2 protein chains.
Amino acid sequence: MITIDYKSRVPIYDQITGGIIRLKTLGVLKGGDKLPSVRSLALKLGINPNTVQKAYAILEADGIIYSVSGKGSFISEDSAAADAILESAADEFKMAVENARRMGLDRARLEAVISEIYEGGITDDKNS
Amino acid sequence: MITIDYKSRVPIYDQITGGIIRLKTLGVLKGGDKLPSVRSLALKLGINPNTVQKAYAILEADGIIYSVSGKGSFISEDSAAADAILESAADEFKMAVENARRMGLDRARLEAVISEIYEGGITDDKNS
DNA sequence: TTAACTGTACTATAACGGTTAGTACAGTTG
DNA sequence: CAACTGTACTAACCGTTATAGTACAGTTAA
């Protein structure tokens, strides 16, 4: 399900939130699905429960999951969650752009990459 | 030449290395050009000389610049290293775009993010 | 009711990275 | 010699991340 790269500089709780968002985007997790409990996931990943709890708290604050004390944490159903996921994806992309710029890539280069990805061969854009 | 965003979570030395690579990519700095001294750049940016030194050390390790004790630091003539960094950064960015698309972000959203980043970043300050 | 689970809320601490501060030494230049 | 250059240290501070431990409240099933 979710794998953690302990060598990475990306915080573990970030990897968890990203992993769950990805799982929902891919359709593996759907609205109403129950997530592993804080303690069980921590045990499975070999990390501290507090770290999992932090990830779940962030996901809940973003509306991606909802938690019920005593019952567990579940994937959110409402469309607000989808918006939250979009927002989260946008944030991730923003970091990627910042990184690209820091590495010296100019804007034109980025635009070229985007065109390459978003134009699968048949293009419907009129200008350019 | 280089501006530092002190609010950013991106380390200052990373911003410096990226800035110099970018300046070389843009053609502002060319092979053999002399860089500001460790102490003068630190003074100009209002940071500690150690931080600049760290950035220069990284750039030298990557083959982007070369330093001569007593003389200064200079842009390397061999652009292979810089090109390699650009290439790897482009690959990384490409994966980020693919991911963003998979997450459901449309092209306009990506363009907006790019504009946001590339508008406030590079400044050609003549004062200070 | 009891027991075992669930989320949640704390405090304390360790570890790490980034940055600053200060000092020192060696090479270059005028 | 004086003033610059890069370089190499050590020490300290701070914020973030992660761990550790404890505690409390809600849920569920035996």
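We now turn to the structure provided with this report.

The rules behind each value
Residues numbered from 1 in each chain as written. Chains lettered and ligands numbered in written order. Predicted model: local features only at pLDDT ≥ 70, side-chain atom pairs only at ≥ 80, totals over all residues. Heavy atoms only, no water. Near = heavy atom within 4 Å. Polar contact = N/O pair within 3.5 Å; in protein donor to acceptor, adjacent residues only side chain to side chain. Helix = DSSP H or I, 4+ residues; strand = E, 2+ residues; numbered from the N terminus. Nonpolar A, V, L, I, M, F, W, Y, C, P; charged D, E, K, R; others polar. Contact = heavy atoms within 4.5 Å. Buried area = accessible area lost by both parts, 1.4 Å probe. Salt bridge = Lys/Arg side-chain N within 4 Å of Asp/Glu carboxyl O.

**Points about the protein's contact with DNA strand D**
Here's step 1: Neighbouring residues of DNA strand D: 25 residues in total, closest A:Ile12, A:Tyr13, A:Asn48, A:Asn50 and A:Thr51.
Here's step 2: Among the atoms of DNA strand D close to the protein, meaning within 4 Å, 65% are from sugar or phosphate groups.
Here's step 3: In this structure, a phosphate oxygen belonging to DNA strand D sits 2.9 Å away from a main-chain N or O atom of A:Asn48.
Here's step 4: One of the side-chain nitrogen or oxygen atoms of B:Arg39 is found 3.0 Å away from a base nitrogen of DNA strand D.
Here's step 5: Of all elements in the fold, only helix H1 (12-25) and helix H3 (49-61) of chain A together with helix H2 (38-45), helix H3 (49-61), strand E1 (65-68) and strand E2 (72-75) of chain B reach the threshold of two or more residues within the surface near DNA strand D.

**Points about the protein's contact with DNA strand C**
Here's step 1: Taken together, 25 residues are adjacent to DNA strand C, and B:Ile12, B:Tyr13, B:Asn48, B:Asn50 and B:Thr51 come closest.
Here's step 2: Restricting the count to atoms of DNA strand C within 4 Å of the protein gives a sugar and phosphate share of 62%.
Here's step 3: A:Glu60 places a side-chain nitrogen or oxygen 3.2 Å from a phosphate oxygen of DNA strand C.
Here's step 4: B:Asn48 is positioned with one of its backbone polar atoms (N or O) 2.9 Å from a phosphate oxygen of DNA strand C.
Here's step 5: The set of elements that each furnish at least two residues to the surface near DNA strand C consists of helix H2 (38-45), H3, strand E1 (65-68) and strand E2 (72-75) of chain A together with helix H1 (12-25) and H3 of chain B.
Here's step 6: Considered class by class, the residues forming the surface near DNA strand C number 6 nonpolar, 13 polar and 6 charged.

**Quick notes on the interface of chain A and chain B**
Here's step 1: Counting residues at the interface gives 34 residues for chain A and 40 residues for chain B.
Here's step 2: Buried area between chain A and chain B, summed over both chains or domains, comes out near 3600 Å², and the portion from carbon and sulfur atoms is 65%.
Here's step 3: Applying the counting criterion to the chain A and chain B interface returns 7 salt bridges.
Here's step 4: Our count for the contact surface shared by chain A and chain B stands at 14 residue pairs in polar contact (both at pLDDT 80 or more).
Here's step 5: Contributing elements (two or more residues each) for the side of chain A that touches chain B: H1, helix H4 (79-102) and helix H5 (107-118) of chain A.
Here's step 6: Here the side of chain A that touches chain B takes 14 residues from H4(A), the largest share from any one element.

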